[in-house]
Amino acid sequence: MTQETKLALITGASRGLGAALAEALAPTHHIVAVARTSGALEELDDRIKARGGSATLAPMDISDPAAMATLCRGIHDRWGRLDLWLHTAIHAAPLSPAVFVDPKDWTKSIAVNATATSVLIPYVAPLLGEAGQAVFFDDPKAGAKFYGAYGASKAAQMSLARSWAAETERTGPRVTIVEPAPMATALRARFHPGEDRAALTPCADEAARIVALL
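Residues numbered from 1 in each chain as written. Predicted model: local features only at pLDDT ≥ 70, side-chain atom pairs only at ≥ 80, totals over all residues. Heavy atoms only, no water.

Looking at an unreviewed UniProt entry, one finds the protein chain named SDR family NAD(P)-dependent oxidoreductase, with Ruegeria pomeroyi as its source organism.

In structure tokens:
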């Protein structure tokens, strides 16, 4: 890795869109891949190397503030910067009527989808500086029936992202919000069991579209 190599932090990189984005960016970026599952990260690393890229694996829980502080301090000490942050990590609580939302599902949804974002933004912002870019992924399920815990926590995440985008419009970093096409992911399968997955967009195709937008 040279001093000119761009650096991309991907939170939620082990599978789905996060993994596909890591592979799509690998030819041009050194990937800092964050996820809880070590095995999936190692498989991603193999695929990145097969594309001629390189990665640093960080098997961490984004809902652990101390771990995220360690992660960002490590990035600062090693490279002093980030060019790109893509935040794909998400907790998908089971679909449930609002009157039956499980307290544990609610707590985890808020911790992963909302609170972790509020912790990461101030940690990552100094690494991005004025020239970097942060990317968030919208899923407008807030208010849809049975999406109470997921929809509310995702809406809180998007509210934080939109506020940050408005606040940094003139100063940087650039904050971008993208709404991905429906993809054949494990997350979607939990919400739509029995759906015809052949009609969905492959993660690799959607990742290529998003990278082109950046």
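S.K.: What is the right way to read the overall build of the protein chain from this model?
M.R.: When helices and strands are counted, the protein chain shows seven helices and six strands. Reading the protein chain from its N end, one meets helices and strands in the order β-α-β-α-β-α-β-α-β-α-β-α-α. Taking 214 residues into account, the globule formula puts the C-alpha radius of gyration at 17 Å, and the protein chain, at 17 Å, falls close to it. Dimensions of the protein chain along its principal axes, counting C-alpha atoms only, are 55 × 35 × 30 Å. Of all intrachain contacts in the protein chain linking residues separated by at least 6 positions in sequence, the fraction that spans at least 24 positions is 68%. Carbon and sulfur atoms form 54% of the exposed surface of the protein chain, whose accessible area is close to 10500 Å². Side chains of the protein chain give 21 positive and 22 negative charges; the mean places of these two sets differ by 2 Å. (Helix = DSSP H or I, 4+ residues; strand = E, 2+ residues; numbered from the N terminus. Rg over C-alpha atoms; globule rule 2.2 N^0.38 Å. Contact = heavy atoms within 4.5 Å. Areas by Shrake-Rupley, 256 points an atom, 1.4 Å probe, with all protein chains shown as cover. Lys, Arg positive; Asp, Glu negative; His and termini not counted. Charge placed at Lys NZ, Arg CZ, Asp CG, Glu CD.)

S.K.: Sorry if this is basic, but what is going on with the packing of helix α1 (residues 16-25) against helix α2 (residues 38-50) here?
M.R.: How two helices pack is summed up by the angle between their axes together with the distance between the axes. Relative to each other, α1 and α2 sit at 25°, their axes nearing to 9 Å. On the basis of the axis angle, α1 is roughly parallel to α2. In the packing of α1 onto α2, the handedness of the crossing is right-handed. Contacts from Ala-19, Ala-22 and Glu-23 of α1 reach α2 at Leu-44, Arg-47 and Ile-48. A breakdown of the residues in the contact of α1 with α2 according to their chemical character gives four nonpolar, no polar and two charged. (Axes fitted to C-alpha atoms, helices over the stretch in contact; angles between N-to-C directions. Parallel < 35°, antiparallel > 145°, perpendicular 65-115°, else oblique. Left-handed = near helix turned anticlockwise from the far one by under 90°. Nonpolar A, V, L, I, M, F, W, Y, C, P; charged D, E, K, R; others polar.)

S.K.: Could you clarify how one ought to interpret helix α5 (residues 148-167) in this entry?
M.R.: Think of an α-helix as turning once every 3.6 residues; residues three or four places apart then point the same way. Over its 20 residues, α5 extends 28 Å from the first C-alpha to the last, a length consistent with the 28 Å expected when each residue adds 1.5 Å. Those residues of α5 lying buried are Ala-149, Tyr-150, Gly-151, Ser-153, Lys-154, Gln-157, Met-158, Ala-161 and Trp-164. In this structure, the buried side of α5 is in contact with β4 (84-87), α4 (103-128), β5 (133-137), β6 (174-178) and α6 (186-191). (Expected span 1.5 Å × (residues − 1). Buried < 20%, exposed > 50% of the residue type's maximum accessible area, 1.4 Å probe, protein only.)

S.K.: Sorry, what's going on with the layout of surface pockets here?
M.R.: It is the rolling of a water-molecule-sized probe over the atoms that shows where space remains empty. As a volume, the largest pocket reaches approximately 1200 Å³. What lines the largest pocket is a set of 41 residues, and nearest its centre among them are Thr-88, Ala-89, Ile-90, His-91 and Leu-187. For the lining of the largest pocket, the elements supplying multiple residues, two or more each, are α1, α4, α5 and α6. When residues in the lining of the largest pocket are grouped by element, the largest group, five residues, is from α6. A breakdown of the residues in the lining of the largest pocket according to their chemical character gives 19 nonpolar, eleven polar and eleven charged. Roughly 190 Å³ of internal volume is contained in the second largest pocket. Classifying every residue of the lining of the second largest pocket by side-chain character gives five nonpolar, three polar and two charged. (1 Å grid on protein atoms, 1.4 Å probe; cavity = no way out; pocket = protein on both sides within 12 Å on 5 of 7 lines; lining within 4 Å. Points joined across faces, edges and corners; volume = space filled by probe spheres on them.)

S.K.: It is not clear to me how the sheet that holds strand β1 (residues 6-11) should be interpreted in this structure. Could you clarify?
M.R.: Adjacent strands of a sheet form backbone hydrogen bonds with each other and so pair up, either parallel or antiparallel. Reading across from one edge, β3-β2-β1-β4-β5-β6 is the order of the six strands in this open sheet, with parallel pairing throughout. A single partner strand is all that each edge strand has here, and the edge strands are β3 (55-59) and β6. Across this sheet, the average inter-strand angle for adjacent strands is 15°, counted without regard to direction. Inspection of the sheet shows strand β2 (residues 29-35) paired to β3 by five bridges, in the parallel sense. Residue pairing across strands places Val-32 opposite Thr-56, the latter belonging to β3. Sitting on the sheet, α1 is in contact with β1, β2, β4 and β5, with an inclination near 170° to β1. Seen against the sheet, α5 touches β4, β5 and β6 and runs at an angle of roughly 150° to β5. (Pairing = 2+ DSSP bridges.)

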